[in-house]
Amino acid sequence: MKPRVKLGRQADEGSRSGPKALHVDDRVSMPPYETVALVLQGGGALGAYQAGVFEGLQEAQIPLNWIAGISIGALNAAVIAGNAPEMRVKRLRQFWETICAPAMTPPLPHAVEHALFHGSDVTRTALSFFQASSAAMQGQFGFFHPRFPSVLPWFGGASNAKSWYDMSPLKATLERFCDFDRINAGEIRVSVGAVNVATGNFSYFDSTRTRLRAEHFMASGALPPAFAPVEIDGEFFWDGGIVSNTPLQEVLRASPRRDTLAFQVDLWNARGAMPDNLVDVAERLKDIQYSSRTRFVTDTMQSEQRYRTVLRKVLEKVPEAMRKDDPWFSLADELSCGKHYNVQHLIYQQREFEHDYKDYQFGASTMNSHWAAGLDDIRRTLANGSWLEPPNNDAGFVTHDVHRVKASAKPGGA
């Protein structure tokens with residue numbers, strides 16, 4: 001059951017000189033998974049990469065029925081689930097074009113920004129610093145802006161004393177681009193993660209248990225001290241990335257267990273070079289902190305599933321008469337599992353011109369670059385048709401990563 005692929009046009013304007021992008025022709029042949037999930041990590045401006053991945057999934061007509069997200073991943077999830085299938089990519093594009101504009105001043109003319117971005121390494125680095133500085137000083141349109149007057153850290157009590165920026169514009173933006181009745185209608189299950197400020201406990205707001213509003217998605221992205229906690233039903237919540245920036249466990253540990261294909265889209269790479277200076281140290285610290293050790297999660301889940309699968313195989317060899325009415329066999333049957341789990345791991349790859357401010361470096365050219373990278377990565381992933389097959393091993397669990405394959409093909413790769 002291999003997907004039909006062909007070489008197509010060059011990738012979008014973000015990758016001006018890379019290899020030709022692979023296009024999926026019509027529908028990818030899909031095994032009958034019970035759950036097909038899109039799992040979206042937090043990462044601010046890097047989230048346009050996830051939008052590119054989704055465009056590729058939509059292009060291949062992958063039948064998603066669950067989206068789990070944290071922070072910017074939650075906002076992308078809202079736009080995807082909150083629109084009709086034929087409008088999702090278009091509305092995602094409009095959402096990103098909106099929040100990538102400065103909050104107060106006009107954006108750079110397109111021709112100027114394009115020339116700087118596609119000029120030398122120096123001009124591209126200068127543009128990225130300018131865009132990040134702009135976000136810090138004036139905010140992003142329809143997303144956030146600095147509090148005026150500025151917050152005094154040693155004064156408390158006032159509702160605006162808990163953050164540097166006001167995120168209230170995001171509520172109107174989400175309500176403009178998302179149909180919350182559609183989100184709650186159950187066409188796609190939606191889960192977003194946040195942290196309860198009072199208890200420190202991690203919470204998932206799930207459309208199968210809670211009627212989701214704009215506030216639930218805003219809470220998932222309320223990273224302190226930039227943003228204030230969001231109140232939901234009398235409790236206050238911060239960005240879920242404080243505890244875990246990757247909602248993969250929520251999908252893989254769902255009960256009852258189901259045959260699952262998960263597209264895990266990460267924005268932070270846990271692997272990286274030794275920092276050379278303090279700027280590199282700040283960037284590497286973010287990468288490690290927010291990557292949330294996704295590979296550790298998948299390794300742990302694979303180990304757990306292997307035990308469940310082996311237990312299931314052993315129980316199948318025990319005669320029914322021996323198992324009947326024995327509580328230990330009943331418990332073993334409950335703990336065992338013969339389901340299959342397939343994780344397609346897509347990780348955004350760092351660009352040379354990006355630094356520790358890459359998560360708040362908003363700008364049209366940068367957004368297009370991230371988007372194109374995501375689209376190219378998912379097309380290359382889907383080109384490996386056998387990767388979508390259920391795992392045929394004693395674990396019932398498999399992971400694939402197009403970048404790891406490329407790395408391992410080189411001397412010393414891992």
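Now for a look at the structure at hand. (Residues numbered from 1 in each chain as written. Predicted model: local features only at pLDDT ≥ 70, side-chain atom pairs only at ≥ 80, totals over all residues. Heavy atoms only, no water.)

Focus: unusual backbone geometry
And step 1. For the bond from P224 to P225, the omega torsion is -5 degrees, close enough to zero to count as cis.
And step 2. Take P225: it is sitting in the loop between α8 (214–220) and β9 (230–232).
And step 3. S255 connects to P256 through a cis peptide bond whose omega is 0 degrees.
And step 4. Tracing the sequence through the fold places P256 in the loop between α9 (248–252) and β11 (260–266).
And step 5. Even without being a glycine, D325 presents a positive backbone phi close to 65 degrees. (Helix = DSSP H or I, 4+ residues; strand = E, 2+ residues; numbered from the N terminus.)

Things to note about the nonpolar core
And step 1. Ranked by internal contacts, the top residues of the largest apolar core, which has 70 residues, are L38, W96, L174, I183, F217, F263 and F362.
And step 2. Tallying contributions element by element places helix α2 (residues 72–81) first for this core, with 8 residues.
And step 3. Residue contacts for L38: discarding those within four places in its chain leaves F54, L57, L64, W66, I67, A68, I80, F263 and V265.
And step 4. Core analysis: the next-biggest nonpolar cluster, separate from the first, contains 15 residues, V297, V343, A395 and F397 among them. (Core = buried A, V, L, I, M, F, W, Y, C linked by side-chain atoms within 4.5 Å. Buried < 20%, exposed > 50% of the residue type's maximum accessible area, 1.4 Å probe, protein only. Contact = heavy atoms within 4.5 Å.)

Re the environment of Q361
And step 1. Relative to the elements of secondary structure, Q361 occurs in the loop between β12 (341–347) and α14 (364–383).
And step 2. Expressed as a C-alpha distance, the spacing of Q361 and A132, which sit 229 residues apart in the sequence, is 4.2 Å.
And step 3. Excluding residues that lie within four positions of it along the chain, Q361 makes contacts with A45, S128, Q131, A132, F353, E354 and T366.
And step 4. Within polar-contact distance, the side chain of Q361 engages the side chain of T366 at 2.8 Å. (Polar contact = N/O pair within 3.5 Å; in protein donor to acceptor, adjacent residues only side chain to side chain.)

A closer look at the pairing of β12
And step 1. The buried count for β12 comes to 7 of 7 residues, which makes it a mostly enclosed element.
And step 2. Across the two faces of β12 the burial is the same, with Y341, V343, H345 and I347 and N342, Q344 and L346 all buried.
And step 3. Two strands pair when backbone bridges link them, and β11 and β12 are joined in this way by 7 bridges, in the parallel orientation. Bridging from a neighbouring strand, Q264 pairs with H345 of β12. (Pairing = 2+ DSSP bridges.)

A look at the side chain of T35
And step 1. One can find T35 in strand β3 (residues 35–40).
And step 2. Within polar-contact distance, the side chain of T35 engages the side chain of R258 at 2.9 Å.
And step 3. Residue contacts for T35: discarding those within four places in its chain leaves N65, W66, R258, D259, T260 and L261.

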